[in-house]
Amino acid sequence: MTMQQDMLALIKGVESNAWAAELPPEPIFPAALFEIDVQPEKGWTAGATYANFIVTVYLFNPSKSNLMTKATAMRAAFEAYPWLLAEEESGDAAFEDWPEQFAYYMIFRTRGHV
């Protein structure tokens with residue numbers, strides 16, 4: 001599996017309506033969106049290529065309490081992921097395209113093979 005496939009499976013375990021990179025033109029909520037930034041590690045091991053993967057997850061929900069429940073579940077799912085290094089940041093988010101939705105972002109750093 002690729003990191004993209006791993007993250008999609010992990011995130012769909014919490015929010016089944018999950019998308020990589022962007023939501024569809026007419027999104028249905030609640031939803032999750034994620035992006036992965038790859039930061040290669042150099043010089044750590046001979047013969048193996050590792051990288052840090054910065055995974056940004058955006059959660060959308062019309063209910064603030066349901067949003068926070070999903071955020072707690074997402075945090076627990078990432079904490080169970082064996083290659084998690086840290087949760088780096090999280091907080092409320094706002095998207096002009098969907099002002100009626102509550103949004104929350106979470107940034108996780110993981111490590112793995114490239």
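Enquirer: For this particular structure, what's the right way to read the sheet that holds strand β1 (residues 18-20)?
Expert: Within the open sheet, the five strands sit side by side as β1-β2-β3-β5-β4. Their pairing is mixed. At either margin of the open sheet sits one strand with a lone partner, and together these are β1 and β4 (84-93). Here the average twist between neighbouring strands, direction ignored, is 20°. Of the strand pairs in this sheet, strand β2 (residues 31-40) and strand β3 (residues 50-61) are connected by ten bridges, and their pairing is antiparallel. Each residue of the ladder has a partner; that of A32, found in β3, is L59.

Enquirer: What is the right way to look at the nonpolar core in this model?
Expert: As a rule of thumb, soluble globular proteins bury nonpolar side chains together. The biggest cluster of nonpolar side chains holds 21 residues, and the ones touching the most others in it are M7, I11, V57, L59, M74 and F78. Contributions of two or more residues to this core are made by α1 (3-12), β2, β3, α2 (64-80) and β5 (102-113). At five residues, β3 tops the list of elements feeding residues into this core. Other than its neighbours up to four places away in sequence, M7 contacts F34, I36, V55, F78 and Y81. Core analysis: the next-biggest nonpolar cluster, separate from the first, contains eleven residues, I54, Y58, A103 and I107 among them.

Enquirer: Sorry, what's going on with the environment of Q4 here?
Expert: Summarising the element assignment, Q4 is placed in helix α1. On the accessibility criterion, Q4 (41% relative accessible area) is partly exposed. Linking Q4 and L23, residues 19 residues apart in sequence, is a C-alpha distance of 16 Å. Beyond its immediate stretch of four places on either side in the chain, Q4 contacts A20, F34 and I36.

Enquirer: Explanation requested: the packing of aromatic side chains in the structure shown.
Expert: Two aromatic rings are characterised by how far apart their centres lie and by the angle between their planes. The full count for this structure, using the stated rule, is seven aromatic pairs. On the numbers, 5.4 Å between centres and 90° between planes, the contact of Y58 with F95 is edge-to-face. Of this pair, Y58 sits in strand β3 while F95 sits in the loop between β4 and β5, and the two are 37 residues apart along the sequence. These aromatic residues form a ring-pair network of at least three members: F29, Y58, F60, F95 and W98. Sitting over the ring of Y50, R111 keeps its end group 4.3 Å from the ring centre.

Rules of the game
Residues numbered from 1 in each chain as written. Predicted model: local features only at pLDDT ≥ 70, side-chain atom pairs only at ≥ 80, totals over all residues. Heavy atoms only, no water. Pairing = 2+ DSSP bridges. Helix = DSSP H or I, 4+ residues; strand = E, 2+ residues; numbered from the N terminus. Axes fitted to C-alpha atoms, helices over the stretch in contact; angles between N-to-C directions. Core = buried A, V, L, I, M, F, W, Y, C linked by side-chain atoms within 4.5 Å. Buried < 20%, exposed > 50% of the residue type's maximum accessible area, 1.4 Å probe, protein only. Contact = heavy atoms within 4.5 Å. Phe/Tyr/Trp six-rings, centres within 6.5 Å; stacked < 30°, edge-to-face > 60°. Lys NZ or Arg CZ within 6 Å of the ring centre and 35° of its normal.

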